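Observations on the three-dimensional arrangement
Residue-level listing of the chains:
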Amino acid sequence: MRIKKIIAGNMSEGKVLLKKELGDEAVILSTRNIKNNETGKDSIEIVAAIDEKVKDQPSIEPKKRFKTDETNNENFNKLIESINFPFLEYLDKNLSEKYLYLKKLGFDETFIGPILKSISSKGSLDITKDELLNSIITRIKVENLFQKRISRKIYGFVGPSGVGKTSTLLKFAVIHKLMNSSNVLVIGANNHNFGANDLLAAYCKILNLDFEKAGSEEELNRLIESQKAYDIILVDFDSKSKYSHSLIENILILPVNSTSNHLNEQLNRYSSSYIGLTGLDENYAIQPIIELLINKNLTLCFYANGSDIPDDIELADASGIKKMILNNG
Ligand SMILES: Nc1nc2c(ncn2[C@@H]2O[C@H](COP(=O)(O)OP(=O)(O)O)[C@@H](O)[C@H]2O)c(=O)[nH]1
Ligand SMILES: [Mg+2]
């Protein structure tokens with residue numbers, strides 16, 4: 001047992017001192033009022049004791065409950081990130097934040113690596129996430145094909161079947177007719193699918209568009225040579241068409257929800273630098289198409305987000321591409 005004598009101004013001050021000296025388990029043995037020899041003030045003398053065995057017993061800490069506060073959530077997220085991306089600990093905070101931002105937007109390592117390397121080598125790592133995204137978007141070439149041109153333009157719509165070539169062509173035609181008061185001719189050169197040209201002819205009739213049918217390459221060439229009065233000629237090809245003409249600029253229509261392999265195959269097959277996308281109203285992964293556009297230096301012209309003619313098509317521009325990236329999937 002340990003005994004301690006404490007002099008304090010009053011009882012409550014004495015208890016505080018006692019607790020500090022002997023702990024919670026101290027037992028008060030006696031108290032008496034005294035005059036403090038040094039100050040001459042009325043004081044209290046407390047004598048207390050503690051059983052050392054009790055004092056030395058390890059106190060049992062109350063169980064720590066798992067707190068689901070913000071700090072814990074943050075730590076939990078960090079833990080998950082370090083499991084998913086173990087190499088992050090080798091990147092500095094700035095780089096790893098940018099890596100995670102691009103990763104969460106749907107880009108993958110093969111794309112993010114060179115992007116971060118390039119901004120890092122330019123010493124531009126201090127840019128914000130938004131500026132980083134904008135810097136990616138500015139790498140994508142865009143061109144406004146809805147603008148009226150001085151000379152006659154001939155566009156061929158090419159690409160895999162069922163991707164939306166015909167409907168995109170019709171949207172394109174109506175926009176030129178309404179917005180630019182252009183003289184538009186639609187040529188049906190879809191000769192591998194029974195009834196496709198007749199169906200297109202019917203659509204053109206409803207939409208008040210001039211229509212001609214080209215059953216062969218010769219017929220197509222003849223139409224191009226003879227129909228000089230039109231401002232714009234749009235040729236609806238099928239997936240197997242192999243026609244080429246120096247005056248035809250092909251627009252490759254690609255589904256936005258494609259894998260890298262599929263997109264590259266289509267590009268090799270139809271070699272075209274103009275790209276139109278369809279299916280932005282459906283689920284898609286953004287990585288393959290953005291990578292294709294940047295790495296192959298292609299020009300994105302427009303994107304379709306549904307089957308309504310002519311409403312469901314948008315001209316490609318930086319803000320639209322940003323929306324496409326931020327809303328992807
Ligand atoms: N959801 C959706 N459907 C589309 C889009 N573009 C075209 N389609 C539909 O896809 C189907 C095939 O289109 P079509 O133009 O005939 O394709 P083509 O074989 O390439 O000429 C049609 O039912 C279109 O209405 C799009 O952007 N989104
Ligand atoms: Mg078609």
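Residues numbered from 1 in each chain as written. Chains lettered and ligands numbered in written order. Predicted model: local features only at pLDDT ≥ 70, side-chain atom pairs only at ≥ 80, totals over all residues. Heavy atoms only, no water.

1. Some thoughts on the overall build of the protein
- Helix and strand counts for the protein come out as 12 helices and 12 strands.
- Over its C-alpha atoms the protein spans a radius of gyration of 38 Å, topping by over 25% the 20 Å that the globule rule assigns to 329 residues.
- Out of the 329 residues in the protein, the part that is buried amounts to 41%.
- Here the analysis covers contacts within the protein between residues at least 6 apart in sequence; of these, 68% occur between residues at least 24 apart.
- Carbon and sulfur atoms form 50% of the exposed surface of the protein, whose accessible area is close to 19200 Å². (Helix = DSSP H or I, 4+ residues; strand = E, 2+ residues; numbered from the N terminus. Rg over C-alpha atoms; globule rule 2.2 N^0.38 Å. Buried < 20%, exposed > 50% of the residue type's maximum accessible area, 1.4 Å probe, protein only. Contact = heavy atoms within 4.5 Å. Areas by Shrake-Rupley, 256 points an atom, 1.4 Å probe, with all protein chains shown as cover.)

2. Looking at the site of ligand 1
- Close to ligand 1 lie 16 residues; Gly-162, Lys-165, Thr-166, Ser-167 and Asp-281 are nearest.
- Ser-167 places a side-chain nitrogen or oxygen 2.6 Å from an oxygen atom of ligand 1.
- When isolated, ligand 1 has an accessible area of 580 Å², and the protein chains bury 68% of it.
- Top element by residues in the shell around ligand 1 is helix α7 (residues 165–180). It accounts for three residues.
- Grouping the amino acids of the shell around ligand 1 by side-chain chemistry returns three nonpolar, 10 polar and three charged. (Near = heavy atom within 4 Å. Polar contact = N/O pair within 3.5 Å; in protein donor to acceptor, adjacent residues only side chain to side chain. Nonpolar A, V, L, I, M, F, W, Y, C, P; charged D, E, K, R; others polar.)

3. Overview of the pairing of strand β9 (residues 248–255)
- A large share of β9 lies buried, amounting to six of its eight residues.
- Note: strand β5 (residues 153–158) against β9, five bridges, orientation parallel. What sits directly across from Ile-154, in β9, is Ile-248.
- Alignment of β9 against strand β10 (residues 274–278), held across five bridges, turns out to be parallel. When the bridges of β10 are listed, Ile-253 appears paired with Gly-276.
- In this fold, the crossover linking β9 to β10 by way of helix α10 (residues 260–270) has right-handed handedness. (Pairing = 2+ DSSP bridges. Right-handed = clockwise from strand over helix to strand, strands pointing away.)

4. Side note on a nonpolar patch on the surface
- A surface patch of nonpolar side chains, amounting to about 450 Å² of accessible area, comprises Met-1, Ile-3, Val-27 and Leu-29.
- When you line up the elements, Ile-3 lands in strand β1 (residues 2–8).
- For Ile-3, a relative accessible area of 55% translates into the label exposed. (Patch = residues over 30% accessible without salt bridge, like charges linked within 9 Å, V, L, I, M, F, W, Y side chains within 5 Å. Salt bridge = Lys/Arg side-chain N within 4 Å of Asp/Glu carboxyl O.)

5. Digging into helix α11 (residues 286–295)
- Burial analysis of α11 places nine of its 10 residues in the buried class, which makes it a mostly covered element.
- Among all positions in α11, only Ile-286, Gln-287, Pro-288, Ile-289, Ile-290, Glu-291, Leu-292, Leu-293 and Ile-294 are buried.
- Just beyond α11, the residue with positive phi is Asn-297, at close to 55°.

6. Re the pattern of salt bridges
- Applying the stated criterion across every chain, the model contains 12 salt bridges.
- One salt bridge in this structure joins Glu-314 and Lys-323, with 3.9 Å as the shortest N-O distance.
- It is possible to trace a salt-bridge network through shared partners that takes in Lys-5, Arg-32 and Glu-45.

7. Topic: the confidence of the model for the protein
- Per-residue pLDDT for the protein has a mean of 88; in total, 92% of the residues score no lower than 70.
- Here helix α2 (residues 52–56) stands out as the least confident element of the protein, with mean pLDDT 58; strand β7 (residues 210–213) is the most confident, with 98. (pLDDT = per-residue confidence, 0-100.)

8. Focus: the sheet that holds β1
- Taking strand neighbours across the sheet as the criterion, the three strands line up as β1-β3-β2 in an open arrangement whose pairing is antiparallel. Of all strands in the sheet, those bounded by a partner on one side alone are β1 and β2 (27–35). Across the sheet, the mean angle from the axis of one strand to that of its neighbour is 15°, orientation sign disregarded.
- Bridge analysis of β2 against strand β3 (residues 42–50) gives eight bridges, and the strand direction is antiparallel. Among the inter-strand pairings, Lys-35 is bridged to a residue of β3, identified as Asp-42.
- Helix-sheet contacts for helix α1 (residues 11–22) involve β1, β2 and β3, and the interaxial angle to β1 is about 145°. (Axes fitted to C-alpha atoms, helices over the stretch in contact; angles between N-to-C directions.)

9. Thoughts on helix α6 (residues 129–137)
- Inspection of α6 places Leu-132, Leu-133, Ile-136 and Ile-137 among the buried residues, and these make up the whole buried set. End-on, the buried residues of α6 take up no more than an arc of 140°, which puts them together on one face.
- Elements that come into contact with the buried residues of α6 comprise α4 (93–104), α5 (109–121), α11 and α12 (318–326). (Arc of directions from axis to C-beta.)

10. A short note on the nonpolar core
- Counting 55 residues, the largest nonpolar core has Phe-107, Ile-275, Leu-277, Ile-289, Ile-290, Leu-300 and Ile-325 as its most contacted members.
- If you tally residues by element for this core, the top one is α11, at six residues.
- Each of domain 2 (80–138) and domain 3 (142–326) contributes no fewer than three residues to this core.
- Residues in contact with Leu-277, not counting those within four places in the same chain, are Leu-254, Val-256, Ile-289, Leu-300, Phe-302, Tyr-303, Ala-304 and Met-324. (Core = buried A, V, L, I, M, F, W, Y, C linked by side-chain atoms within 4.5 Å. Domains from an automatic or database assignment.)

11. Observations concerning the packing of α4 against α5
- The contact between α4 and α5 brings their axes to 10 Å, and the two run at 140°. By the criterion of interaxial angle, the relationship of α4 to α5 is oblique. Like other packed secondary-structure pairs, α4 and α5 cross with a definite hand, here right-handed. Only Glu-109, Ile-112, Ile-115, Leu-116 and Ile-119 of α5 make contact with α4, whose side of the interface consists of Leu-95, Lys-98, Tyr-99, Leu-102 and Lys-103. (Parallel < 35°, antiparallel > 145°, perpendicular 65-115°, else oblique. Left-handed = near helix turned anticlockwise from the far one by under 90°.)

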